Amino acid sequence: MSKFITFEGGEGCGKSTQVELLAEHLRRIGHRVITTREPGGTEGAEEIRELLIHGDKEKWDGKQEVLLNFAARMDHVNNLIKPALERGEWVICDRFFDSTYVYQGIAQGVGSEYIDIIREASMGGFAPDKTFILDMEVKESLDRVNSRGEQNRYDEMDVEFHQKIRAGFLKIAQDNPERCVVINALQDIKKVHEEIVEKL
Ligand code: TMP
């Protein structure tokens, strides 16, 4: 049976590499798999991503970012994720609604009630089957982001912001033990991948 799998974590934690490694593994054992990302994944959602990622830090407030992320997510779920799952394909997504609860809900102070309402109104109970949270020290993730060169609106925010992000994901994992698995992202790439396959 096909599954919807998401990867979450702070900046520079290696999500995109692990998304691809897991997709290759699943294809090798005979599954059809699509990989995608948020915000984005469909044409409309990628347009909204451009609005979110680029520009001044103060361009949007937290609630506006929740709305923009869920507008993109609705397009993505309805036009890509659900149709793929219905065709029997596995879907692996780099970030999903947990990022909204952490970035906007916690780090930007919107709170979870507002997000719960928008989420329920836009996609009901639709949720990932499994979520891998790639966890690492804030200092390490900032070093990785800084050495990456290109930055986005969120990368520019301070250490305290990134500490809130890390704590936020760990809290989500604690509150959703059936769905979420925390992985130590400081291990080498192969070891992280093996642990993901083992916990799937
Ligand atoms: P990424 O592609 O490097 O993961 O960057 C996407 C950025 O968007 C990242 O800094 C996290 C942020 N983001 C939110 O703030 N809210 C969301 O709901 C999502 C999906 C991403």
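Right above here is the structure, for reference.
What comes next is a walk through the structure. The structure presented is a predicted model; accordingly, all values stated were derived computationally and were not measured.

1. Digging into the sheet that holds strand β1 (residues 4-9)
1) Next: Spatially, β2-β3-β1-β4-β5 is the arrangement adopted by the 5 strands of the open sheet, whose pairing is parallel. In this open sheet, the two strands that pair with only one neighbour each are β2 (33-37) and β5 (180-184). If you compare each strand with its neighbour and ignore which way they point, the axes differ by 20° on average.
2) Next: Bridge count between β2 and strand β3 (residues 90-94): 5 bridges; the pairing is parallel. Of the residues in β3, the one forming a bridge with Arg37 is Asp94.

2. Here we look at the side chain of Arg95
1) Next: Looking at the secondary structure, you find Arg95 in the loop between β3 and α4 (97-107).
2) Next: Among all residues touching Arg95, those that are not within four sequence positions of it are Phe7, Glu8, Gly9, Gly10, Glu11, Lys15, Glu38, Tyr103 and Phe169.

3. What to know about the environment of Leu26
1) Next: Position of Leu26 relative to the elements: it lies in helix α1 (residues 15-28).
2) Next: Residue classification places Leu26 among the buried residues on the basis of a relative accessible area of 1%.
3) Next: When the C-alpha atoms of Leu26 and Val197 are compared, they prove to be 9.1 Å apart, with 171 residues separating the residues in sequence.
4) Next: Setting aside its immediate chain neighbours within four residues, Leu26 contacts His31, Val33, Trp90, Ile92 and Leu200.

4. Regarding the site of the ligand
1) Next: Surveying the vicinity of the ligand reveals 15 residues, the closest of which are Glu11, Arg49, Arg95, Thr100 and Gln104.
2) Next: Glu11 places a polar side-chain atom, nitrogen or oxygen, 3.0 Å from an oxygen atom of the ligand.
3) Next: Arg95 places a side-chain nitrogen or oxygen 2.6 Å from an oxygen atom of the ligand.
4) Next: Burial of the ligand by the protein amounts to 92% of the accessible area it has alone, namely 480 Å².

5. So, the packing of α4 against helix α7 (residues 159-175)
1) Next: The N-to-C vectors of α4 and α7 enclose an angle of 130°; their axes lie 9 Å apart at closest approach. Considering the angle they form, α4 stands oblique to α7. α4 and α7 meet at a crossing whose hand is right-handed. Together, Asp98, Ser99, Tyr101, Val102, Tyr103, Ile106 and Ala107 of α4 and Phe161, Lys164, Ile165, Gly168, Phe169 and Ile172 of α7 make up the contact between the two elements.
2) Next: Broken down by class, the residue content of the contact of α4 with α7 amounts to 9 nonpolar, 2 polar and 2 charged.

6. What about the nonpolar core?
The nonpolar side chains of a soluble globular protein tend to be buried with one another.
1) Next: Core analysis: the largest hydrophobic core is formed by 28 residues, its most contacted members being Phe4, Phe70, Ile81, Val91, Phe96, Phe126 and Ile165.
2) Next: Elements that contribute at least two residues to this core include exactly α3 (62-86), β3, α4, α5 (112-123) and α7.
3) Next: The dominant element in this core, judged by the number of residues it contributes, is α3, at 6 residues.
4) Next: Discounting chain neighbours no more than four positions away, the residues touching Val91 are Lys3, Phe4, Ile5, Ile34, Thr36, Ile81, Ala84 and Leu85.
5) Next: Counting 18 residues, the second largest nonpolar core, distinct from the first, contains Ala23, Leu134, Ala185 and Ile196.

Definitions and limits used
Residues numbered from 1 in each chain as written. Predicted model: local features only at pLDDT ≥ 70, side-chain atom pairs only at ≥ 80, totals over all residues. Heavy atoms only, no water. Pairing = 2+ DSSP bridges. Helix = DSSP H or I, 4+ residues; strand = E, 2+ residues; numbered from the N terminus. Axes fitted to C-alpha atoms, helices over the stretch in contact; angles between N-to-C directions. Contact = heavy atoms within 4.5 Å. Buried < 20%, exposed > 50% of the residue type's maximum accessible area, 1.4 Å probe, protein only. Near = heavy atom within 4 Å. Polar contact = N/O pair within 3.5 Å; in protein donor to acceptor, adjacent residues only side chain to side chain. Areas by Shrake-Rupley, 256 points an atom, 1.4 Å probe, with all protein chains shown as cover. Parallel < 35°, antiparallel > 145°, perpendicular 65-115°, else oblique. Left-handed = near helix turned anticlockwise from the far one by under 90°. Nonpolar A, V, L, I, M, F, W, Y, C, P; charged D, E, K, R; others polar. Core = buried A, V, L, I, M, F, W, Y, C linked by side-chain atoms within 4.5 Å.

Structural measurements only, silent on function.
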